[in-house]
Amino acid sequence: QGATLNVRQGNSVRPLLALRDPTGLCGSIPAGYLSVADVAIQEDTGGLVGMLYLVDAGTGAGSDTPLLSLPVLRSSPKPLPLAIAFLDSSPSMLYYTLATPDEASGSFASGHGLFVLDLATRRVTTFLDDANRILGVSPDLTFVAFHAAQRTPPELRLARLDGASTVLFQPASGAREVQGAAFSPDSERLVWATVMAGSGAGPSFQLSMASTFGGPVTLADLGPLLPPDPDPIVRAYPVAWLTDSAILVQVDRGNSSTVYRYQVDTGGLTVEAAGTFITLFYP
């Protein structure tokens, strides 16, 4: 709690926004804008309010007033930005979900429902209600990946944001949970993590890859690719698809978090950085 959103250019650092309890952050495609979520205390009532900002990273415009303010409870899901839509080179809509602090920690966005904020009218419409768990939105804002919150085993679905169609991927045998998803840069492929029932030593984690138009699913077991470690894996899930052949995968253990680079063409896994991946910002 208590943070400042800064932009670094060269050796200079410029503060954009003071935050009390930030929930999440996303960058725009094309470049230049950030959406950040925060939780503040209402001065008149003492209650909590979840807020969404849209900030021009170059000028700082938008950092003084939130676009959206929603009364929230301490334990209830709070707004988490997912994507920024453009019209005629200007931001026009903001896609967001609702997530608890644990669901929004780091890059593990698994929120409840998909909502669309029209920046001109400030009106909010519901694309998917909170019975659906949102895993990601494609870079070109064509698809949203999600699954039904109460369905076991989880069936990952892809819906077109224009409402045209939905693609269903049947769960693998032994699947217990879906954790995280990422789209390829051209939005034509999807990768997600499937938590599989283990054989006594805890669950195993698989990367599942498929075309956004449906068809067969390619599986890659992460366990044999990771270096030995006494701490069990808590979560392992894709966080970004960088190029045609490179995917970033977050691996969280009891006392450590590491970002790995998975090579789609060779199946190799190498350490990219220690720590927790948050988001991509496109320069």
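You'll find the structure just up there.
Residues numbered from 1 in each chain as written. Predicted model: local features only at pLDDT ≥ 70, side-chain atom pairs only at ≥ 80, totals over all residues. Heavy atoms only, no water.

Caption draft 1: Inspection of the overall build of the protein at higher detail. Counting secondary structure elements, the protein contains zero helices and 21 strands. In terms of C-alpha radius of gyration, the protein reaches 19 Å, essentially the compact-globule figure of 19 Å for 283 residues. Along the longest, intermediate and shortest principal axes, the C-alpha atoms of the protein span 55 × 45 × 35 Å. Evaluated residue by residue, the protein yields a buried proportion of 47% over its 283 residues. Here the analysis covers contacts within the protein between residues at least 6 apart in sequence; of these, 36% occur between residues at least 24 apart. Where the 16 positive side-chain charges of the protein centre and where its 25 negative ones centre are 3 Å apart. (Helix = DSSP H or I, 4+ residues; strand = E, 2+ residues; numbered from the N terminus. Rg over C-alpha atoms; globule rule 2.2 N^0.38 Å. Buried < 20%, exposed > 50% of the residue type's maximum accessible area, 1.4 Å probe, protein only. Contact = heavy atoms within 4.5 Å. Lys, Arg positive; Asp, Glu negative; His and termini not counted. Charge placed at Lys NZ, Arg CZ, Asp CG, Glu CD.)

Caption draft 2: Expanded view of the nonpolar core. Counting 17 residues, the largest nonpolar core has Val 191, Leu 207, Leu 222, Ile 247, Val 249 and Tyr 262 as the members making the most contacts within it. For this core, the elements supplying multiple residues, two or more each, are β15 (189-196), β16 (204-211), β18 (233-243), β19 (246-253) and β20 (257-263). In this view, Tyr 262 contacts Leu 207, Met 209, Ala 220, Leu 225, Ser 245, Ala 246, Ile 247, Val 249, Gly 267, Gly 268 and Leu 269; residues no more than four positions away in its chain are not counted. (Core = buried A, V, L, I, M, F, W, Y, C linked by side-chain atoms within 4.5 Å.)

Caption draft 3: Geometry of the packing of aromatic side chains. On inspection of all chains with the given rule, the structure shows four aromatic pairs. Note on Phe 143 and Phe 213: the rings are 6.4 Å apart at their centroids and 90 degrees apart in plane angle, and the pair reads as edge-to-face. Taken together, the residues span a long stretch of sequence, with Phe 143 in strand β11 (residues 143-148) and Phe 213 in the loop between β16 and β17 (218-221) at a distance of 70 residues. Taking relative accessible area as the criterion, Phe 143 reaches 6% and is therefore assigned buried. By relative accessible area, which is 63% here, Phe 213 ends up exposed. (Phe/Tyr/Trp six-rings, centres within 6.5 Å; stacked < 30°, edge-to-face > 60°.)

Caption draft 4: How the structure looks around the environment of Thr 218. Structurally, Thr 218 can be placed in strand β17. Residue classification places Thr 218 among the partly exposed positions, given a relative accessible area of 47%. In this structure the C-alpha to C-alpha distance between Thr 218 and Leu 207, which are eleven residues apart in sequence, comes to 8.0 Å. Excluding residues that lie within four positions of it along the chain, Thr 218 makes contacts with Leu 207, Ser 208 and Met 209.

Caption draft 5: Quick look at the sheet that holds strand β3 (residues 24-27). Taken in spatial order, the four strands make up an open sheet running β3-β4-β5-β6, and their pairing is antiparallel. Looking at the sheet topology across the chains shown, the edges are occupied by β3 and β6 (68-72). Averaged over all pairs of adjacent strands, the angle between strand axes in this sheet comes to 20 degrees, irrespective of strand direction. In this sheet, β6 lies alongside strand β5 (residues 48-56) in antiparallel orientation, the contact comprising five bridges. For Leu 52, the partnering residue across the bridge sits in β6 and is Leu 68. (Pairing = 2+ DSSP bridges. Axes fitted to C-alpha atoms, helices over the stretch in contact; angles between N-to-C directions.)

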